[in-house]
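Overview (structure and organization)
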Amino acid sequence: MKVTIYGSGYVGLVTGACLAEVGNHVLCVDVDPDKIDRLNRGEVPIYEPGLEAMVTENTQAGRLAFTLDPAEGVRHGLFQFIAVGTPPDEDGSADLRHVLAVARTVAEHMDEYRIVVNKSTVPVGTADRVREAIRDILQGRGAQVDFDVVSNPEFLKEGAALDDFMKPDRVIVGTDNPRTGELMRALYAPFTRNHDRMLLMDIRSAELTKYAANAMLATKISFMNELANLAERLGADIEDVRQGIGSDPRIGYHFIYPGCGYGGSCFPKDVKALERTARQAGFEARLLTAVEEVNERQKERLFQKLHSHFGGDLKGRTIALWGLAFKPNTDDMREASSRRLMEALWAAGARVRAHDPVAMEECTHIYGHRDDLVLCDDHEQALEGADALVIVTEWNVFRSPDFERIRKALKQPVIFDGRNLYEPRHMEDMGFAYYAIGRGRRD
Ligand code: UDX
């Protein structure tokens, strides 16, 4: 089948590569000439395990191509996927400018039936706005062309995106036209063949499902972070509590890891956007407000622990930081806890020596070169002469470090662990002051 995808960002590229991988002919359209140039040379501008190889293979096989020309895009695909960004407005609602611009562009060039598929995360009601935008342009052109608008939200996780797309838990398709539903089913058949995982529903329910899934996961995390803070005051160990509740299948083990707050391009943005949608619908979503507040507070926890350990005196201290990305296996630092921590440390007059296996370039991109930030080639180098070690991202390479080396390199043996990677008792036996999240009294 022929597919066009607008937006060669995270979702667009993964969708394009995976649809080409199973034999479709995919054309990706983007407005950024530099990006299209790089993609045509086989360079993938984002870090995602396996993506570059898949893009290269499918480009060489002639199933995947990139262009700046939207007219060519509209001619090419029966399916016209919109996978452009929906950054938050100042008030937290999703900015639909790019989505609607693509809809208008498609309408300007459309001469025969097209299925416009919304893959960007968009508020409930967006499909109606896309439909209206297309209709207006068609009317202006005096063109009588049939089209459908479908909602098909994406649930992939960064770092596991190819696997998530190739083996989805479910494919959500919202449409008011059963025939279009069947065409979507055919497109996704290679990914859902062994087990029918496609859920067809009305458009608004599909749009809401995406936000509901992310808000539910964010709620689980904030709930655990709240309990972790309580456990610290009560002298309980949240890791025992986590296993104690996770063993109940109604609760489950997933997404109940306490930490230094959730980040990334989805949870913070989507919780805010859903809260905003609720408000616009005349409804106050109290739980969502609390989920966000708890997360904001959690991102301050590591700094608070450092601050109180050093008696409020962080000026002139050097802090080793392991992890910059918002989670392992990505270079993404959007809404990452590391940023909040570094900014607080800098404001308090401390310096940071940081290492991340892949996000260092991204860090330079965000902060540039500054005297109070040294990016180190490996995690052990980051320790040299530091007053303390802080762990923010649970990369595998940090899970079993050379503790002797850590002790020797640090000025004093103190570790602040935002991801609960080690056993407090072992750490104390080895002579470390070890601050984790929710693991008994410590400060
Ligand atoms: C998320 C959703 O999982 C995915 O389905 C959706 O399509 C996009 O948003 P992603 O943002 O890539 O994916 O990362 P995810 O693995 O969900 O982690 C999000 C954040 O939550 C990270 O900062 C992570 O450290 C944090 N987290 C996750 C916790 O703090 N505790 C947990 O138990 C799980």
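Residues numbered from 1 in each chain as written. Predicted model: local features only at pLDDT ≥ 70, side-chain atom pairs only at ≥ 80, totals over all residues.

Quick notes on unusual backbone geometry
Note the threshold: Think of it this way: any DSSP run of H or I at least four residues long counts as a helix, any run of E at least two long counts as a strand, and we number them from the N terminus. Exposed residues have 12 or fewer other C-beta atoms within 10 Å of their own C-beta, buried residues have 20 or more, and partly exposed residues fall in between, where C-beta atoms are placed from the backbone.
Residue asparagine 329 is not a glycine yet carries a positive backbone phi of 65 degrees. Residue placement: asparagine 329 occurs in the loop between strand S9 (318-322) and helix H14 (337-347). For asparagine 420, which is not a glycine, the phi torsion comes out positive at approximately 50 degrees. Residue position: asparagine 420 is located in the loop between strand S13 (414-417) and helix H17 (424-429). Residue asparagine 420 is classed as buried on the basis of its C-beta count, with 22 C-beta atoms lying within 10 Å.

A look at the UniProt feature "active site" (unreviewed entry) in the protein chain
The test is simple: UniProt positions are given in the numbering used here, feature names are shortened, and annotations may be inferred rather than shown by experiment.
The UniProt record marks Cys266 with the feature "active site" (unreviewed entry), using the residue numbering of this structure. With respect to the helices and strands, cysteine 266 occurs in the loop between helix H10 (238-246) and helix H11 (267-280).

A word on the site of the ligand
Our working rule: Nearness between a residue and a molecule or strand is assessed with a C-beta atom placed from the backbone; a distance within 6 Å qualifies. When residues are grouped by polarity, Ala, Val, Leu, Ile, Met, Phe, Trp, Tyr, Cys and Pro land in nonpolar, Asp, Glu, Lys and Arg in charged, and all others, Gly among them, in polar. Where a domain begins and ends is set by an automatic assignment or by a domain database.
By nearness alone, 19 residues border the ligand, and Glu158, Tyr257, Tyr262, Gly264 and Cys266 come closest of all. Sorting elements by how many residues they give to the shell around the ligand places helix H9 (residues 203-234) first, with three residues. Looking at the shell around the ligand residue by residue, the class counts come to 11 nonpolar, four polar and four charged. When residues of the shell around the ligand are assigned to domains, at least three fall in each of domain 1 (2-201) and domain 2 (211-296).

Structural notes on the sheet that holds strand S12 (residues 388-391)
Our working definition: By the convention used here, strands pair only if DSSP detects at least 2 bridges between them. For every element, the axis is a line fit to its C-alpha atoms; helices are fit only across the contacting stretch, and the angle between N-to-C directions ranges from 0 to 180 degrees. Distance between backbone-placed C-beta atoms decides contact: two residues are in contact if it is within 7 Å.
Strands sit in the order S11-S10-S9-S12-S13-S14 across an open sheet of six strands; the sheet is parallel. Every other strand in the sheet has two partners, leaving strand S11 (373-375) and strand S14 (433-435) as the edge strands with one partner each. When strand polarity is set aside, the average angle formed by the axes of neighbouring strands in this sheet is 20 degrees. Taken strand by strand, H14 contacts S9, strand S10 (351-355) and S12, and its axis lies near 175 degrees from that of S9.

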